[in-house]
Amino acid sequence: MKIGFIGVGNMGGPMCRNIVRNTNHDVTVFDLNPDAIAACTAIGAAAGASAKSVAAACDVIFTSLPMPKHVEEVALGPDGIAANARPGSVHIDLSTNSPTTARRVHAGMAAKGIGMLEAPVSGGVPRATDGTIVIMVGGDPALFEANLPVLKSFSKEVIHVGPVGMGSVAKLCNNMLAFCNAAAASEALLLGATAGIDVHKLYDVISNASGNSDAFRALGPKAFARNFKPGFALDLAHKDLRLALEMADEVGMPGMIAPQVMTLMRMARAHGMGADDSSSVLRVYEQALGREVK
Ligand code: NAD
């Protein structure tokens, strides 16, 4: 089978490379960043000339792109997938979008006889790399079953969650919770540091105690090493939380905690940290206190 992969950055890159390593499919990649393409061709992928040529040549076309506007452009634009892929081919979008965007992309593909699955992922770069990333898939059940083998070639946990739109709902709920956990983890570390405990000891305690979370475990090493290179860019996390809050407004769900975390993210971005790792929310607390966690 011919697989196309458009957007091989922090997440798309390792997922694409796992398809190359774990299957016999021909994989062709395209990205605006030549270095991202080179990291895939180095292990056996072919380089496509454009999104258009990848779409026209492939049976299954993955996308892993930053913002909904990039997904809409690559999926539905004149040089994109719907306009150039063959009827009967399949578009699988691994990006994080709103349910509305996912449904719009699905409708655009359906009008051209192209199948579409929304398949947002969770687990970050480490789990995209080691093949344990979680994929939450919205779409037609038969199309899901037909594409399960290729999804399983880079994920141990592929969950069908309902029709197109529900993958995005699952992803936005998950990320809203993860960002709330990360902000709470920042607050706890700074509280401990300010109260005088050795923060490495505090980290050891909480990592094994009831306050633990994935977000807490990930935050400590980044904070102690002062390593805020993404990872998961704050700008992308801000996008996800914005989409989650929009979804909350659409369904009439009043949020209490997530809007506070949004304010923290806005402050971090105002301090110029948008391109840094999303854990930079910690540095908003640090700046307020005039001290670092270490
Ligand atoms: P990234 O910026 O590292 O990668 C995106 C890639 O898309 C870049 O290499 C960029 O050059 C490329 N690109 C942008 N526009 C393009 C276009 N028009 N044509 C071709 N290539 C284009 O971002 P990422 O962290 O890999 O995130 C990708 C998606 O996955 C986002 O939707 C993000 O929200 C989601 N996500 C990220 C993480 C994470 O931890 N980084 C985790 C889960 C989900």
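Scroll up for the structure.
Quick notes on the rules
Residues numbered from 1 in each chain as written. Predicted model: local features only at pLDDT ≥ 70, side-chain atom pairs only at ≥ 80, totals over all residues. Heavy atoms only, no water. Buried < 20%, exposed > 50% of the residue type's maximum accessible area, 1.4 Å probe, protein only. Helix = DSSP H or I, 4+ residues; strand = E, 2+ residues; numbered from the N terminus. Pairing = 2+ DSSP bridges. Near = heavy atom within 4 Å. Polar contact = N/O pair within 3.5 Å; in protein donor to acceptor, adjacent residues only side chain to side chain. Areas by Shrake-Rupley, 256 points an atom, 1.4 Å probe, with all protein chains shown as cover. Nonpolar A, V, L, I, M, F, W, Y, C, P; charged D, E, K, R; others polar. Domains from an automatic or database assignment. Phe/Tyr/Trp six-rings, centres within 6.5 Å; stacked < 30°, edge-to-face > 60°. Right-handed = clockwise from strand over helix to strand, strands pointing away. Contact = heavy atoms within 4.5 Å. Lys, Arg positive; Asp, Glu negative; His and termini not counted. Salt bridge = Lys/Arg side-chain N within 4 Å of Asp/Glu carboxyl O.

**Describing the pairing of strand S4 (residues 60–63)**
Point 1. Burial along S4 is two-sided: the face carrying Val60 and Phe62 and the face carrying Ile61 and Thr63 are both buried.
Point 2. In the sheet, strand S1 (residues 2–6) pairs with S4 via 4 bridges, with the strands oriented parallel. The residue of S4 that forms the bridge with glycine 4 is isoleucine 61.
Point 3. Where S4 and strand S5 (residues 90–93) come together, 4 bridges link them in parallel fashion. When the sheet's bridge partners are listed, isoleucine 61 is paired in S5 with histidine 91.

**Points about the site of the ligand**
Point 1. Around the ligand, the structure places 24 residues, and the nearest of them are Asn10, Met11, Asp31, Leu65 and Lys239.
Point 2. Proline 66 has a polar backbone atom sitting 3.2 Å from an oxygen atom of the ligand.
Point 3. Between an oxygen atom of the ligand and a main-chain N or O atom of threonine 96, the distance comes to 3.1 Å.
Point 4. Protein burial of the ligand: of its 830 Å² of free accessible surface, 89% is covered by the chains.
Point 5. Of all the secondary-structure elements, those providing two or more residues to the shell around the ligand are helix H4 (68–76) and helix H12 (234–251).
Point 6. Here the residues of the shell around the ligand are counted per class, giving 10 nonpolar, 9 polar and 5 charged.
Point 7. Split by domain, the residues of the shell around the ligand number at least three in each of domain 1 (2–163) and domain 2 (169–289).

**What to know about the packing of aromatic side chains**
Point 1. Applying the stated criterion across every chain yields a total of 5 aromatic pairs.
Point 2. Consider the rings of tyrosine 203 and phenylalanine 224, whose centres lie 5.7 Å apart with planes at 85°: the pair is edge-to-face. Note that tyrosine 203 is positioned in helix H10 (residues 199–207) and phenylalanine 224 in helix H11 (residues 214–225), a separation of 21 residues in sequence. Note on accessibility: tyrosine 203 and phenylalanine 224 belong to one class, buried.
Point 3. Clustering of aromatic rings is evident, with ring pairs tying together Phe5, Phe62 and Phe154.

**Section: the pairing of strand S9 (residues 157–162)**
Point 1. Two elements, strand S8 (residues 134–138) and S9, share 5 bridges in a ladder whose sense is parallel. The residue bridging valine 134 from the neighbouring strand is glutamate 157, located in S9.
Point 2. Crossover handedness for the path S8 to helix H8 (residues 141–152) to S9: right-handed.

**Overview of the side chain of serine 122**
Point 1. Residue position: serine 122 is located in strand S7 (residues 121–122).
Point 2. For serine 122, a relative accessible area of 17% gives the class buried.
Point 3. Only 3.2 Å separates the side chain of serine 122 from the side chain of asparagine 174, close enough to count as a polar contact.
Point 4. Among residues more than four places away in sequence, those in contact with serine 122 are Ile133, Val134, Met136, Lys171 and Asn174.

**Focus on the side chain of aspartate 31**
Point 1. Examined against the element boundaries, aspartate 31 turns out to sit in the loop between strand S2 (26–30) and helix H2 (34–41).
Point 2. It is arginine 17 that comes nearest to the buried, bridge-free aspartate 31 among opposite-charge side chains, at 9.0 Å.
Point 3. Among the polar contacts made by the side chain of aspartate 31, one reaches the main-chain amide nitrogen of valine 8 at a distance of 2.7 Å.
Point 4. Reaching out from aspartate 31, the side chain makes a polar contact with the backbone nitrogen of asparagine 33 at a distance of 2.7 Å.
Point 5. If we ignore the near neighbours within four places in the chain, the residues touching aspartate 31 are Gly7, Val8, Gly9, Ala36 and Ile37.

**Description of the environment of cysteine 58**
Point 1. Assignment of secondary structure puts cysteine 58 in the loop between helix H3 (51–57) and S4.
Point 2. Linking cysteine 58 and threonine 100, residues 42 residues apart in sequence, is a C-alpha distance of 26 Å.
Point 3. Setting aside its immediate chain neighbours within four residues, cysteine 58 contacts Lys2, Ile3, Gly4, Arg86 and Ser89.

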